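# Examination of the molecular architecture
Listed here are the chains, written in short residue letters.
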Amino acid sequence: MVEDTLLPDMRGLPLGQAVPAHLPAAGQVIWRDKLSQLLESTGEGIFGIDTDGRCTFINRAGAEQLGWLPAEVLGHNMHELAHHSHAGGAHYPEHLCPIFNAFRKALPCRIDTELFWRKNGSAFAVEYSSYPIVEGGVVQGAVVTFVDISARRQAEDALRQAHAVLEQRVSERTQALSEALEQLRELTAYTHSVREEERTRIAREVHDELGSLLVALKMDVGWLDKRLGEQQQRSLDEAQSMRERMRSKCQNMGRLIEAAVDNVGRIITDLRPSILDHQGLWAALDWQAHEFVQSAELALDWQMDVASAAPLPEQAAIGIFRIFQEMLSNVGRHAQASRVAITIQATARDISIAVRDNGKGAEAAAFEAANAYGVMGMRERARHLGGTLDISSQIGHGALLHLRIPLSNQ
């Protein structure tokens, strides 16, 4: 092997120095010159050490990376010169050095987790390999190759940081998605609950109002049927008196039927106001606002400007009407207000509906709470229509709910 014969004979010679005349044949000199040229042409640092760790040769690239001249390194202990400390500055004992321990055991090693130190005291990340030089079965030293991997380390650190940032963002997005899904589940459950409550209310009204009216009508019809069957058995005076009673009973039945019709109309209006179908969104909003303030006994400041409004699809009109209903319902349930101001403006580009009350107000967090299902429902409807619902409120100063719906996508 070249290591076994050539390198030991060159111990102590800086590369490029003339070979002494006492060295063997000319063939060996040629090989040494070629080896010197090879070592000088590589960009990796290469140096040799004897069994005491002293430098026997070093190429120019290696010396430059360490900040020394080749002649300044020869004969010096390479561990003490370039491998003396850990990254934190703590002393690195020679007996723990992988380079020395490896060649003393006649074993190669490769390390990429340590530092070499320059002449000026700075350090750089290094990847080095140590190969023992064996001559006659006896270890004579080692050849060490090394390369500065600072740029690679920086790239790896940057990649790790980018990966950590990405993982953090993924974690945050996953958490946000999980929270959004949880809110969606809660909102869905709330919607089902409200629907069931509404069904229960309608069923109760049908049972209590219409049911009682229909039972009363059935009893009156049965009474009339019975009295009509007995009419032939009565005298003229009794028959006339009974006819008067039956006429009064029919009039009472007419009032019961009118009450039933009114109740049916009210239930139908609660489900879907007919004015929305027959007169459109703006008339429905006007009717809803005035119905609300009348039932809630609130003063109303009303402004509506829809002269230049664009026509709306049915589903968009229904969605806006339901949001408006919920805005008023929010005032009725929570505000404890005495006055409400409603401003509705519509153009060919957008719709703006603002509802402001003079009630007790609330902290902003109350409208963002996980159980603020009414607000979540309004915002979800607004988002479905491509719009937004902004809410501002202060304790003691009421609240403002502002719905904006662009019409370009409607």
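Scope of this entry: the structure provided in the associated data block. (Residues numbered from 1 in each chain as written. Predicted model: local features only at pLDDT ≥ 70, side-chain atom pairs only at ≥ 80, totals over all residues. Heavy atoms only, no water.)

Residues Leu-177, Leu-181 and Leu-184 make up a contiguous nonpolar surface patch of roughly 270 Å² in combined accessible area. On the secondary structure map, Leu-181 appears in helix 7 (residues 150–230). A relative accessible area of 39% places Leu-181 in the partly exposed class. (Patch = residues over 30% accessible without salt bridge, like charges linked within 9 Å, V, L, I, M, F, W, Y side chains within 5 Å. Areas by Shrake-Rupley, 256 points an atom, 1.4 Å probe, with all protein chains shown as cover. Salt bridge = Lys/Arg side-chain N within 4 Å of Asp/Glu carboxyl O. Helix = DSSP H or I, 4+ residues; strand = E, 2+ residues; numbered from the N terminus. Buried < 20%, exposed > 50% of the residue type's maximum accessible area, 1.4 Å probe, protein only.)

Our next topic: the pattern of salt bridges. In total, this model carries 15 salt bridges according to the counting rule given. Between Arg-118 and Asp-148 there is a salt bridge, with its nearest N and O atoms 3.7 Å apart. Here the residue Arg-118 occupies a position in the loop between strand 3 (109–117) and strand 4 (123–135), and Asp-148 occupies one in strand 5 (residues 138–148), the gap between them amounting to 30 residues. Residue Arg-160 pairs with Asp-157 through a salt bridge whose shortest N-O separation is 2.1 Å. Of the two residues, Arg-160 and Asp-157 are both situated in helix 7; the distance of three residues between them amounts to about one turn of the helix. Among the charged side chains, a network of salt bridges with common partners joins Arg-110, Glu-127, Arg-152, Arg-153 and Glu-156.

Between the first and last C-alpha of helix 10 (residues 281–296) there are 22 Å, a value that for 16 residues agrees with the 22 Å anticipated at 1.5 Å per step. Burial in helix 10 covers these residues: Leu-281, Trp-282, Ala-284, Leu-285, Gln-288, Ala-289, Phe-292 and Val-293. Buried residues along helix 10 cover an arc of 160° about the axis, so they all sit on one side. In helix 10, the exposed positions that point more than 90 degrees away from the buried face belong to Gln-294 and Ser-295. On its buried face, helix 10 is in contact with helix 9 (274–278), strand 6 (299–305), helix 11 (314–335), strand 7 (339–346) and strand 8 (350–357). (Expected span 1.5 Å × (residues − 1). Arc of directions from axis to C-beta. Contact = heavy atoms within 4.5 Å.)

Turning to the nonpolar core, a few remarks are in order. Within the largest apolar cluster, 44 residues are counted, with the highest numbers of intra-cluster contacts made by Ile-353, Val-355 and Leu-403. Elements with a contribution of two residues or more to this core: helix 9, helix 10, helix 11, strand 7, strand 8, helix 13 (373–384), strand 9 (388–393) and strand 10 (399–406). Sort the elements by how many residues they give to this core and helix 11 lands first, with 11 residues. Setting aside residues no more than four positions away along its own chain, Leu-403 makes contact with Ile-320, Ile-323, Met-327, Ile-351, Ser-352, Ile-353, Ala-382, Thr-388 and Leu-389. Val-73, Ala-102, Phe-103 and Val-144 belong to the second-largest nonpolar core, a separate cluster that totals 26 residues. (Core = buried A, V, L, I, M, F, W, Y, C linked by side-chain atoms within 4.5 Å.)

Before going further, it helps to examine the pairing of strand 1 (residues 45–50). Of all six residues in strand 1, six are buried, a share of seventy percent or more. The alternating pattern of strand 1 places Gly-45, Phe-47 and Ile-49 on one face and Ile-46, Gly-48 and Asp-50 on the opposite face, and all of these are buried. As paired strands, strand 1 and strand 5 are joined by six bridges and run antiparallel to one another. Bridging across to strand 5, Ile-49 finds its partner in Ala-142. Connecting the antiparallel pair strand 1 and strand 2 (residues 55–58) is a turn made up of four residues, with Gly-53 showing a positive phi of about 85°. (Pairing = 2+ DSSP bridges.)

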